[in-house]
Amino acid sequence: MNSIVVSCRNCGTKNRIPADKQHLGPKCGKCQGVINLAGAAVPVELDDSGFAGFISRASKPVMVDFFSPTCGPCRMLAPVIDSMAIKFYTRVIIAKLDTSRYQMTASQYRIKGVPTLLFFKNGKLVDQVTGALPEQDLAGLLEKFA
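## A look at the packing of aromatic side chains
Under the counting rule described, the total for this entry stands at six aromatic pairs. With a centroid separation of 6.5 Å and an interplanar angle of 55 degrees, the aromatic rings of Phe-66 and Tyr-109 are classed as tilted. Pair noted here: Phe-66 is in strand E4 (residues 62-67) and Tyr-109 is in the loop between helix H3 (103-108) and strand E6 (116-121), with a separation of 43 residues, a long-range link. Ring geometry for Tyr-109 against Phe-120: centres 5.6 Å apart, planes inclined by 85 degrees, an arrangement best described as edge-to-face. Taken as a pair, Tyr-109 in the loop between H3 and E6 and Phe-120 in strand E6 lie far apart in primary sequence, 11 residues in all. One aromatic cluster in this structure is built from Phe-51, Phe-66, Tyr-109 and Phe-120.

## Focus: helix H2 (residues 72-87)
Since the α-helix packs 3.6 residues into each turn, any two residues three or four apart lie on the same face. Over its 16 residues, H2 runs 24 Å from end to end, which matches the ideal 22 Å to within 8%, given 1.5 Å per residue. The sharpest bend along H2 reaches about 30 degrees and sits at Ala-78, with the proline Pro-79 one to four residues further on. All buried positions along H2 are accounted for by Cys-74, Leu-77, Val-80, Ile-81, Met-84 and Ala-85. Check the buried side of H2 and you find it contacts E4, strand E5 (93-98), E6 and helix H4 (135-145).

## Description of the side chain of Thr-99
Locating Thr-99 in the fold gives a position in the loop between E5 and H3. With near-sequence residues (within four places) excluded, Thr-99 lies in contact with Phe-66, Phe-67, Ser-68, Ala-106 and Val-114.

## Describing the environment of Ile-17
Its location among the elements puts Ile-17 in strand E2 (residues 14-18). Residue Ile-17 is classed as buried on the basis of its relative accessible area, which comes to 6%. Separated by 34 residues in sequence, Ile-17 and Phe-51 have C-alpha atoms that sit 19 Å apart. Excluding residues within four positions of it along the chain, Ile-17 makes contact with Ser-3, Ile-4, Gln-22 and Pro-26.

## Points about the pairing of E6
When you tally the buried positions in E6, you get five out of six residues, the bulk of the element. As paired strands, E4 and E6 are joined by five bridges and run antiparallel to one another. Residue pairing across strands places Val-62 opposite Phe-120, the latter belonging to E6. Of the strand pairs in this sheet, E6 and strand E7 (residues 124-130) are connected by six bridges, and their pairing is antiparallel. When the bridges of E7 are listed, Leu-117 appears paired with Val-129.

Conventions adopted
- Residues numbered from 1 in each chain as written.
- Predicted model: local features only at pLDDT ≥ 70, side-chain atom pairs only at ≥ 80, totals over all residues.
- Heavy atoms only, no water.
- Phe/Tyr/Trp six-rings, centres within 6.5 Å; stacked < 30°, edge-to-face > 60°.
- Helix = DSSP H or I, 4+ residues; strand = E, 2+ residues; numbered from the N terminus.
- Expected span 1.5 Å × (residues − 1).
- Bend = angle between axes of the 7 residues up to and from the residue.
- Buried < 20%, exposed > 50% of the residue type's maximum accessible area, 1.4 Å probe, protein only.
- Contact = heavy atoms within 4.5 Å.
- Pairing = 2+ DSSP bridges.

Here you go:
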């Protein structure tokens, strides 16, 4: 799993925040001040073993980018996904799953082409989009979804 290192604005202590816990309102390990992740949030990297549990426990809506590192449109969409993780970190959990490494989840959701974006609310699949979207279109979808 990936993580973020963020300095506390109160005491300056560097804190390592696991990406899959960034949406839980992390606090500084030293002074217990709230850590502001504005500009630092990243997509949560999911795998087959933790996917179902993460989706079912998520306290916010979740968008998952099913991608492959060898896919041209996926590589074009990657910076947009990173941007959405920062822009929507307080309202939507942005996650990604590498279908070339974790094929069980992709087959469970019948992912035929990448990139495919799945939208979950309260642990249930509510929408699906296949193909690379322009940033403004994806932002519009997330606004409605959040």
